[in-house]
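# Fold and geometry: a report
Next come the chains, spelled out residue by residue.
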Amino acid sequence: MPTLLIADDHPLFRAALRQAASDAMAAMTVHEAASLDQVLAVLDEQPDIDLILLDLHMPGNHGLAGLAAIRAQHPGVAVIVVSANDDPRVVRRALDHGAAGYLPKSSGLDELRDAIRAVMACEQWLPASLRAAVNTAQSSPHDSALAARLASLSPQQFRVLVLVAEGLLNKQIADRLDVQERTVKAHLSAIFERLGVRNRTQASVVLRELELSDPSRKIDTLAD
């Protein structure tokens, strides 16, 4: 039985996605999460999840960082990015970082059903309105190299990197992950080597390169 995780912080939008997913594939088991921490927790508890519908700007997720985390920690799970951002360059970056599909939030339910069916059939999916522009958008060599470097990290190393980017010290990271401080130091040494950086600051910058602006927040700001 296919298993889906809907990751979005808006309950009404999750409900709409759940209904469309049920229409797309019969007998599908559906889980929900409202933050990136919840997403990763559900994935740890439910290793049989086949597909995630991932909001790029849910709490704890900054642009492509959540996608990178999922791909690093759970490489067998397919991800369809669901976002208000339909910039072809952003879509191209999401695909380069391992997304199996990209669905603008302006899409109709028919497109959502098509996306789920295509990705569950191991196909890449983009809406027809974006395909030409995305196909002509150039992949950044730097972005492709960044995706490869992040993918080389183990799940625990990626967790350490995220906590370093949040400003936590080694002892705080050790307490958070319930490991010894020397284990954190060993992870940091491996992270620095695999990312090609020299220190914590440079490692944090690598992760911040995945951040994206949220179009919905721009709209909210204009409305204020």
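Just above sits the structure.
What comes next concerns the included structure. Everything quoted here is computed from the prediction, not taken from an experiment.

Attention now moves to the side chain of S107. Mapped onto the elements, S107 comes out in the loop between β5 (101–104) and α5 (109–120). Of note is the side chain of S107, whose polar atom sits 3.3 Å from the side chain of E111.

Take the layout of surface pockets next. The space that makes up the largest pocket amounts to roughly 540 Å³. Lining the largest pocket are 22 residues, and of these L36, D37, G60, V162 and E166 lie nearest its centre. Looking at the lining of the largest pocket, the elements with two or more residues in it are α2 (36–45), α3 (65–73), α8 (155–165), α9 (170–177) and α11 (200–208). The residue makeup of the lining of the largest pocket, split by class, is 11 nonpolar, four polar and seven charged.

A separate point is the pairing of strand β1 (residues 3–7). Two faces belong to every sheet, and in a regular strand the side chains alternate between them. Within β1, five of the five residues are buried, leaving the element largely enclosed by the surrounding structure. Residue alternation in β1 divides its side chains into two sets, T3, L5 and A7 and L4 and I6, and both sets are buried. Direction of pairing for β1 relative to strand β2 (residues 29–33): parallel, over a ladder of five bridges. Bridge pairing in β2 places L4 opposite V30. Where the polypeptide runs from β1 across helix α1 (residues 11–24) and back to β2, its parallel neighbour, the crossover connection is right-handed. As paired strands, β1 and strand β3 (residues 51–55) are joined by four bridges and run parallel to one another. Counted as the bridge partner of A7 is L54 from β3.

Here we have five strands laid out as an open sheet, ordered β2-β1-β3-β4-β5, and parallel in their pairing. The open sheet is flanked by β2 and β5, the only strands paired with a single partner. This sheet shows a mean twist of 20° between the axes of neighbouring strands, independent of strand direction. Here α5 sits on the sheet and contacts β3, β4 (78–83) and β5; the angle it forms with β3, its principal contact strand, is near 135°.

Thresholds, definitions, all that
Residues numbered from 1 in each chain as written. Predicted model: local features only at pLDDT ≥ 70, side-chain atom pairs only at ≥ 80, totals over all residues. Heavy atoms only, no water. Helix = DSSP H or I, 4+ residues; strand = E, 2+ residues; numbered from the N terminus. Polar contact = N/O pair within 3.5 Å; in protein donor to acceptor, adjacent residues only side chain to side chain. 1 Å grid on protein atoms, 1.4 Å probe; cavity = no way out; pocket = protein on both sides within 12 Å on 5 of 7 lines; lining within 4 Å. Points joined across faces, edges and corners; volume = space filled by probe spheres on them. Nonpolar A, V, L, I, M, F, W, Y, C, P; charged D, E, K, R; others polar. Buried < 20%, exposed > 50% of the residue type's maximum accessible area, 1.4 Å probe, protein only. Pairing = 2+ DSSP bridges. Right-handed = clockwise from strand over helix to strand, strands pointing away. Axes fitted to C-alpha atoms, helices over the stretch in contact; angles between N-to-C directions. Contact = heavy atoms within 4.5 Å.

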